[in-house]
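For reference, the chains in residue letters:
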Amino acid sequence: MLCLVGVARAAPVLPGAISPAAAELPGEETHASLLKSEMKMKSAKPYLDTVKQLRQLSSAEAEQLIPVKLTGVVTDLSGYKNSFFFQDETGGISVDRTDSADVHAGDRVEIVGTSGPGLFAPVVLASRVTVMGQSSPPPTHRFMYGDLFGGVQDSQWVEIEGIVHTARMEEVDENTLLHLRLEIGGGSVNVLLQDFAGVDIAHLVDARVSFQGVCATDFNQKKQFVGLDLYVPSTKFMKVLEPARTDPFGVPTMPIGNALQFGQAQHRVKVSGVSTYQNSGRGIYLQNGSDGIGIQASGTRFIGTGRQVEAVGFPVLGDYGPILEDALLRELGPATPIVPIRIMAKNVITQDGDFYQVPYDQQLVQIQGRVEESHVAGERRVLLLRDGNEVFEASFPLSGKGSAPGTDNGTLLLLTGICVVHADLYHNPVSFSILLNTPQDIVILNRASWWTAQHTLAILAAFMGVMSVVVLWVVILKTQVKHQTNIIRQSEERFRHLAEHDYLTGLPNRLMLEEHMRRCLEVCAAKHTLAAVFTIDIDYFKKINDTHGHLVGDECLKIVASRLRGTVRKMDVIARIGGEEFMLIVGSLRDSETAFGISSAILDLFQGRVVVQGVEIPLTVSIGGALYPTDGTDSGSLRKMSDQALYQAKQSGRNRAVFTSPESRTFIPIDSAGRDPADRLGANVT
């Protein structure tokens, strides 16, 4: 899922809000009682008594805490404390409650409370839930992905059917659930099965299964639809329509070139080939003849190259070519190594009329190129190369310190690796890169030229007396000096940017931050306005690195940087000051309340989970805030106060903002109350 993702459900009642009980007290001149008076003039009943009426409320109307009284059935528990899904004859809705009634799926209940805005759609804030007996689940029929897209059936009892792609156990709010990813044609749904006793999890993948449950909408911070969840109470509402094969490798072998032709196969397919590349994670490439394919394995077993391998997985569209997702691998033994194809960069992507020709995608190739640039990204060395008018990238894992031999600018290299074609938003091929197993896949054809501007000037000075040579070298020198000057200018600009910015996130670093903070404080002093300094730290970042690896940690840092960069104004400064720590400088503030609002907005950006390399990770931050001039008038004192506030936020439980000032305040995101981010992180370790 993209962005900050959550499930459609209510926010807890905030301090100072009118409670459902107070809304029903006679004689209390509250806003809720005024609403009751208005409703009595419009209707004989002083409350809403159907889900349909609630679902028709706008967000602003739902915030007015309109009294409700509903009777219906509990369709399922949501997995969050004191929250469940409810449905009557008119529809379904999410319910948050403050009582401690013992409620289970299938209970017929009476709910007394008020409306609430929720995070995606109106919800019920229940003050009293009374169990009246048992009831059958609501009637329903089978839905396709298009029927559910956009949250149309949010909180409703539905039935879906599809193929299970993944199955794993997951801890949610101290409960163990069976988490399935179900492909239902047109999209996938996350199925959360609460009571899965007796389910053969090992043979569930690739089975065709139907489920009845509550459809819940996944959304981002702008309340935009990004996905679907289905909450299923028990195996009573699960039916295996077509069991998976006992031996997943028992299916016939499909030619690699036929994977995903003219649509996506529903069930897993099997391909066989020689391994040509494998990274340190789950990615591996196989090749059979002139066809290659990328495999995303469900395990982390390292096989290496030159082995005959069978892979069973679900074919999906990768960046350009097909890949097999959630695949199982079986090594058959050594194989005759694949002979790489010698190609030219201009022939990797060509066009014949209206059709693109991409003959070498995901195959082992040999290609030459001259080094334009070399840098480190994560745990890989990345080379930018040129072959004629074509520019492409090549990368290989780092081994030891320093640059690999032959990566100096201007060196001509011969590379042996996997050609991976990249596509645009319309799946048209636009570029390619080469994946190398080791630096030994590089052969130096011609080292960088010795000729530089300095050498040329030295030779020119030595032959000043020879006029014929002087004339010749003046012609040469004009071109050479201009070329070398451009290279030096570009290098200086690149080095200046690297010196002032963080290479991973592209944000300013500590060197730039001090200058920006000084200018900001000067402007605030001249205009008599406030400034805020926020130190932002990713919660449990070491645990993310230890659990999922540094590549996933780097992606989390990029996500945090991107969201913070998209939040601040152009005049504000966000910098990465080390490790998982960021600092935000916001100037020209009218009052301290604006700074408090900014900290709350930042917290709201990080209240969901992100998906990095197929792994769901809860991502929250802690914030320490300091105000100018209340907490200090210079950059050093403001940073010190902000660091102290961050320490208090960490000690207080994380996932919150703390200001250490005479008007000290603490902010905790609404949907994180009562939940420990450490528990949520542990719940996603697979």
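Described below are features of the structure shown in this document. For clarity, every value in this text was computed on a predicted model and none was experimentally measured.

### Some remarks on the pairing of strand S9 (residues 188–195)
Within a regular strand, the side chains alternate between the two sheet faces.
Phase 1 of the analysis: Judged from the six bridges that link them, strand S8 (residues 175–183) and S9 form a sheet pairing that is antiparallel. For Glu183, the partnering residue across the bridge sits in S9 and is Ser188.
Phase 2 of the analysis: Sheet analysis places S9 next to strand S11 (residues 225–234), joined by five bridges and oriented parallel. When the sheet's bridge partners are listed, Leu192 is paired in S11 with Tyr231.

### Quick look at the packing of helix H9 (residues 541–548) against helix H10 (residues 550–567)
Helix-helix packing is characterised by the crossing angle of the two axes and by the distance between the axes.
Phase 1 of the analysis: Where H9 meets H10, the closest approach of the two axes is 7 Å, and the angle between their N-to-C directions is 140°. What the angle tells us is that H9 and H10 run oblique. Taken together, the residues of H10 that come into contact with H9 (itself represented by Phe541, Ile544, Asn545 and His548) are His550, Val552, Gly553, Cys556 and Leu557.

### Brief notes about the nonpolar core
Buried together is how nonpolar side chains tend to be arranged in soluble globular proteins.
Phase 1 of the analysis: The biggest cluster of nonpolar side chains holds 36 residues, and the ones touching the most others in it are Phe534, Ile536 and Phe582.
Phase 2 of the analysis: Top contributing element to this core by residue count: H10, with six residues.
Phase 3 of the analysis: For Phe534, the residues in contact, after removing those within four places along its chain, are Phe582, Met583, Leu584, Val586, Ala595, Ile598, Ser599, Ile623, Gly624, Gly625, Ser642 and Phe659.
Phase 4 of the analysis: Ranked by size, the runner-up nonpolar core spans 34 residues in total, among them Ile160, Ala216, Leu228 and Val232.

### Things to note about H9
Phase 1 of the analysis: Residues of H9 that are buried include every one of Phe541, Ile544, Asn545 and His548, and no others. The buried side chains of H9 occupy one side of the element, clustering within an arc of 100° when seen end-on. Counted as exposed and oriented over 90 degrees from the buried face of H9: Lys542 and Asp546.
Phase 2 of the analysis: Directly beyond the C-terminal end of H9, a positive phi value near 100° is found at Gly549.

### Description of the pairing of strand S29 (residues 581–589)
Phase 1 of the analysis: Most of S29 sits out of view: eight of its nine residues are buried.
Phase 2 of the analysis: Summarising the sheet, strand S27 (residues 530–538) and S29 pair through seven bridges and their orientation is antiparallel. Note on S29: the bridge partner recorded for Thr535 is Met583.

### What about the sheet that holds strand S2 (residues 67–77)?
In any sheet, the strands associate via hydrogen bonds between backbone groups, in a parallel or an antiparallel arrangement.
Phase 1 of the analysis: Taken together, the five strands give a closed barrel; going around it, the order is S2-S3-S4-S6-S5, and neighbouring strands pair in mixed fashion. Ignoring which end each strand starts from, the neighbouring axes of this sheet average 50° apart.
Phase 2 of the analysis: Summarising the sheet, S2 and strand S5 (residues 107–116) pair through seven bridges and their orientation is antiparallel. Among the inter-strand pairings, Gly72 is bridged to a residue of S5, identified as Val109.

### Focus on unusual backbone geometry
Phase 1 of the analysis: The linkage connecting Tyr628 with the following residue, Pro629, adopts the cis geometry, with an omega of 5°.
Phase 2 of the analysis: Here Pro629 lies in the loop between strand S32 (621–628) and helix H12 (635–651).
Phase 3 of the analysis: Although it is not a glycine, Gln362 adopts a positive phi angle of roughly 65°.
Phase 4 of the analysis: Overall, the relative accessible area of 5% leaves Gln362 in the buried class.

### Things to note about the packing of helix H8 (residues 510–527) against H12
Phase 1 of the analysis: Taken N-terminus to C-terminus, the directions of H8 and H12 make an angle of 105°; their axes are 10 Å apart at the nearest point. Relative to H12, the element H8 lies roughly perpendicular. Taking contact as the criterion, the partners of Glu514, Met517 and Leu521 in H8 are, on H12, Ser635, Leu638 and Arg639.
Phase 2 of the analysis: Across the contact of H8 with H12, the residue classes break down as three nonpolar, one polar and two charged.

### Structural notes on the pattern of salt bridges
Phase 1 of the analysis: Scanning the model with the defined rule gives 26 salt bridges in all.
Phase 2 of the analysis: The salt bridge involving Glu242 is made with Arg208; its shortest N-O contact spans 3.7 Å. Taken together, the positions of Glu242 in strand S12 (residues 238–242) and Arg208 in strand S10 (residues 208–219) put the pair 34 residues apart, joining distant regions of the chain.
Phase 3 of the analysis: Taking relative accessible area as the criterion, Glu242 reaches 35% and is therefore assigned partly exposed.
Phase 4 of the analysis: With a relative accessible area of 15%, Arg208 lands in the buried category.
Phase 5 of the analysis: For Lys650, the salt bridge is made with Asp539, and the minimal N-O distance between the two is 3.0 Å. Taken together, the residues Lys650 in helix H12 and Asp539 in the loop between S27 and H9 connect sequence positions 111 residues apart.
Phase 6 of the analysis: For Asp539, a relative accessible area of 3% gives the class buried.
Phase 7 of the analysis: In this structure, a network of salt bridges that share partners links the residues Arg142, Glu159, Glu161, Arg208 and Glu242.

### Quick word on H8
Phase 1 of the analysis: An ideal rise of 1.5 Å per residue puts 26 Å on 18 residues; H8 measures up with 26 Å between its terminal C-alpha atoms.
Phase 2 of the analysis: Taken together, the buried positions of H8 are occupied by Met512, Leu513, Met517, Cys520, Leu521 and Cys524. Here the buried residues of H8 occupy an arc of 160° about the axis, which is enough to place them on one side. Across from the buried face of H8, at angles greater than 90 degrees, the exposed residues are Leu511 and Ala526.
Phase 3 of the analysis: One or two positions beyond H8, positive phi appears at His528, with a value near 60°.

### Some remarks on the sheet that holds strand S14 (residues 283–288)
Phase 1 of the analysis: Read once around its circumference, the closed barrel built from five strands follows the order S13-S14-S15-S17-S16, with strand pairing classed as mixed. For this sheet, the mean angle separating the axes of adjacent strands, direction not counted, is 50°.
Phase 2 of the analysis: Note: strand S15 (residues 291–297) against strand S17 (residues 322–334), three bridges, orientation parallel. When the sheet's bridge partners are listed, Ala297 is paired in S17 with Ala327.

So, how was this worked out
- Residues numbered from 1 in each chain as written.
- Predicted model: local features only at pLDDT ≥ 70, side-chain atom pairs only at ≥ 80, totals over all residues.
- Heavy atoms only, no water.
- Pairing = 2+ DSSP bridges.
- Helix = DSSP H or I, 4+ residues; strand = E, 2+ residues; numbered from the N terminus.
- Axes fitted to C-alpha atoms, helices over the stretch in contact; angles between N-to-C directions.
- Parallel < 35°, antiparallel > 145°, perpendicular 65-115°, else oblique.
- Contact = heavy atoms within 4.5 Å.
- Core = buried A, V, L, I, M, F, W, Y, C linked by side-chain atoms within 4.5 Å.
- Buried < 20%, exposed > 50% of the residue type's maximum accessible area, 1.4 Å probe, protein only.
- Arc of directions from axis to C-beta.
- Nonpolar A, V, L, I, M, F, W, Y, C, P; charged D, E, K, R; others polar.
- Salt bridge = Lys/Arg side-chain N within 4 Å of Asp/Glu carboxyl O.
- Expected span 1.5 Å × (residues − 1).

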